[in-house]
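Here's the letter readout for the chains.
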Amino acid sequence: MIFYLVSARTLPVDEVGAITIFLSLGSILNVGFSLNLHTGFTHFMSYSNGKKKAISIPRFYLVISTVLMFVAFIAIYLLSHYIAIAFFHSSNYNLIVIVMGIFIIANMGFGYSVGLLQGMQLFRLAGVSNILTSTLTYGTPILLSLLKQSVTVISIGFATGISISSIISLIFVLKSRVTIHRSERSEFRTFFIYVIPIFLGMFFSTLMAMIDRVILPALSSLTVAAVYTYALTIATVVTALTYPFQFFLLPKISHYFGSSEKTKLKQHTVASLELFYFIALPASIGVTILSKPILVVLVGGIYASYYHVLQIMVFSYSFFSFRPIISSILLGMRRTKVYMYSGGAAFLANVVISLTLIPYFGIYGAVSASISAWAVSTIPRMFAVRSP
């Protein structure tokens, strides 16, 4: 949020749009290349703990993680020219795409390390890692932008910040002195039976959240994309309140699932949702009412003229902002197919509605697509959590 505030005040709107594509595309490719393995790390290590087994890292976790990071960078490096033309509309962005490759593999490494820390129930170290990552990933580009305001410098700042965070998180894992064991074939098979639906669900969910940000500039301009992303960032700030819940829920639900403690599982689910809405609902109402003053004070100019977009988004997202919480609960209960299918349906809904409405309604078409996608992904998961 602070980064977008600073960039909106210091950079031309089209350059903010380019940074938006850098982050959006980086998020999509991060999920695509990482296969979302860190969720599997967290679940299976927590599940083993619930079964009263000694916590140990299977060797194949480390091998596959390293291979995927190598493949990710090589692929992005070789395709950098085509990615620059397709998404940034200019080959001048080749270097930025290569930097994005570094940003992605560092993000993958960080995710893998934190997944292991959470799986080992080392919540304090995982929490410190997340705080450092948020601070360094967004603080470094802000500091570098004070030296020189350019998209290239800011993208290098993102890559540098997440790389430092990834190294620190890896050091935390190594200092935990956890043992590494040779994996059995059945362990390998069970892991991927669990992970593949989650990967597809997360990939679809990430596409659902980001694809309208990629389609909008392709059908309009980088300026409109910057305005839309800024409004979307403020509108979804309420979902940031779910982060503490997600942080603890997946390992805890996995633990209770492994130890067959259904009563505690249900208690954690109900308490988490009640506490979240006790905080989130007043926040959503406040942002909806104060949308125009917020934009005027923060950035003004062309951004403030679209305050109606922010009002529509905040009001609509308040109905679905609990989705990350119920997603964590589903994954802890191994209800991975619901997660996968709902994510795929939401992605398709966003693509179809974006391509249909954006050419005619511009930014309001993107808003409609985004809200519809959130509804499609949230409702099936909500009913799945309620069912036995």
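Refer to the structure above for everything that follows.
These numbers were taken from a predicted model, which means no experiment stands behind them. (Residues numbered from 1 in each chain as written. Predicted model: local features only at pLDDT ≥ 70, side-chain atom pairs only at ≥ 80, totals over all residues. Heavy atoms only, no water.)

Engineer: Lay out a nonpolar patch on the surface in plain terms, naming residues and giving numbers.
Structural biologist: Side chains of V63, V67, F70, V71, I74, Y77, L78, L79 and Y82 sit close together on the surface and give an oily, nonpolar patch of about 920 Å² of accessible area. When residues in the nonpolar patch are grouped by element, the largest group, 7 residues, is from helix α4 (residues 59-78). As for its placement among the helices and strands, L79 is situated in the loop between α4 and α5 (80-88). (Patch = residues over 30% accessible without salt bridge, like charges linked within 9 Å, V, L, I, M, F, W, Y side chains within 5 Å. Areas by Shrake-Rupley, 256 points an atom, 1.4 Å probe, with all protein chains shown as cover. Salt bridge = Lys/Arg side-chain N within 4 Å of Asp/Glu carboxyl O. Helix = DSSP H or I, 4+ residues; strand = E, 2+ residues; numbered from the N terminus.)

Engineer: Give me the lowdown on the environment of N130, citing residues and values where you can.
Structural biologist: Note on placement: N130 falls in helix α7 (residues 123-147). Spatially, the C-alpha atom of N130 lies 9.1 Å from that of F110, the residues being 20 residues apart in sequence.

Engineer: Which residues make up the environment of M340, and what values go with them?
Structural biologist: Looking at the element boundaries, M340 is found in helix α17 (residues 336-361). With a relative accessible area of 13%, M340 lands in the buried category. Remark: the alpha-carbon pair of M340 and F203, spanning 137 residues in sequence, is separated by 8.8 Å. Other than its neighbours up to four places away in sequence, M340 contacts P197, L200, G201 and F204. (Buried < 20%, exposed > 50% of the residue type's maximum accessible area, 1.4 Å probe, protein only. Contact = heavy atoms within 4.5 Å.)

Engineer: Explain helix α16 (residues 323-332) to me, using residue names and the numbers behind them.
Structural biologist: Extensive coverage of α16 is indicated by the burial of 10 of its 10 residues. Taken together, the buried positions of α16 are R323, P324, I325, I326, S327, S328, I329, L330, L331 and G332. One or two positions beyond α16, positive phi appears at R334, with a value near 60 degrees.

Engineer: I'd love a proper account of the nonpolar core, names of residues and values included.
Structural biologist: Soluble globular proteins tend to pack their nonpolar side chains together in the buried interior. Of all hydrophobic cores here, the largest spans 54 residues; its most connected members are F22, L37, Y61, F103, L116 and F191. Residue contributions to this core peak at 13 residues, all from helix α6 (residues 94-119). When residues no more than four places from it in sequence are discounted, the contact partners of L116 are F41, M45, I57, Y61 and V173. (Core = buried A, V, L, I, M, F, W, Y, C linked by side-chain atoms within 4.5 Å.)

Engineer: An account of α17 is needed here, citing residue identities and associated values.
Structural biologist: In this model, α17 (26 residues) spans 36 Å end to end at C-alpha, consistent with the 38 Å of a helix rising 1.5 Å per residue. For α17, the principal kink sits at S354 and spans about 30 degrees. Of the residues trailing α17, G362 is marked for its positive phi of about 60 degrees. (Expected span 1.5 Å × (residues − 1). Bend = angle between axes of the 7 residues up to and from the residue.)

Engineer: Explain the packing of aromatic side chains to me, and be specific about the residues and the numbers.
Structural biologist: Per the counting criterion, the structure on display carries 6 aromatic pairs. Seen in terms of ring centroids, F22 and F103 are 5.4 Å apart; in terms of plane orientation they differ by 45 degrees. Their pairing is tilted. Here F103 lies in helix α6 and F22 lies in helix α2 (residues 13-34), a separation of 81 residues in the sequence. Taken individually, F22 and F103 each receive the classification buried, so the pair is uniform in this respect. Here the aromatic rings of F204 and F347 are separated by 6.0 Å at their centres, their planes lie at 10 degrees, and the arrangement is stacked. With a gap of 143 residues between them, F204 in helix α9 (residues 185-219) and F347 in helix α17 connect regions that are remote in the sequence. (Phe/Tyr/Trp six-rings, centres within 6.5 Å; stacked < 30°, edge-to-face > 60°.)

Engineer: So what's going on with the side chain of S145? Residues and values would help.
Structural biologist: Position of S145 relative to the elements: it lies in helix α7. Owing to a relative accessible area of 6%, S145 belongs among the buried residues under this scheme. A polar side-chain atom of S145 sits 2.6 Å from the main-chain carbonyl oxygen of I142. Leave out the neighbours within four places in its chain, and S145 touches V153 and I154. (Polar contact = N/O pair within 3.5 Å; in protein donor to acceptor, adjacent residues only side chain to side chain.)

Engineer: Requested: an account of the packing of α7 against helix α8 (residues 151-175), with residues and values cited.
Structural biologist: With their axes 7 Å apart at the nearest point, α7 and α8 run at an angle of 160 degrees to one another. It follows from the interaxial angle that α7 and α8 lie roughly antiparallel. The interaxial crossing formed by α7 with α8 has right-handed handedness. Across the contact of α7 with α8, the residue classes tally to 15 nonpolar, 10 polar and no charged. (Axes fitted to C-alpha atoms, helices over the stretch in contact; angles between N-to-C directions. Parallel < 35°, antiparallel > 145°, perpendicular 65-115°, else oblique. Left-handed = near helix turned anticlockwise from the far one by under 90°. Nonpolar A, V, L, I, M, F, W, Y, C, P; charged D, E, K, R; others polar.)

Taken by themselves, the reported measurements are silent on function.
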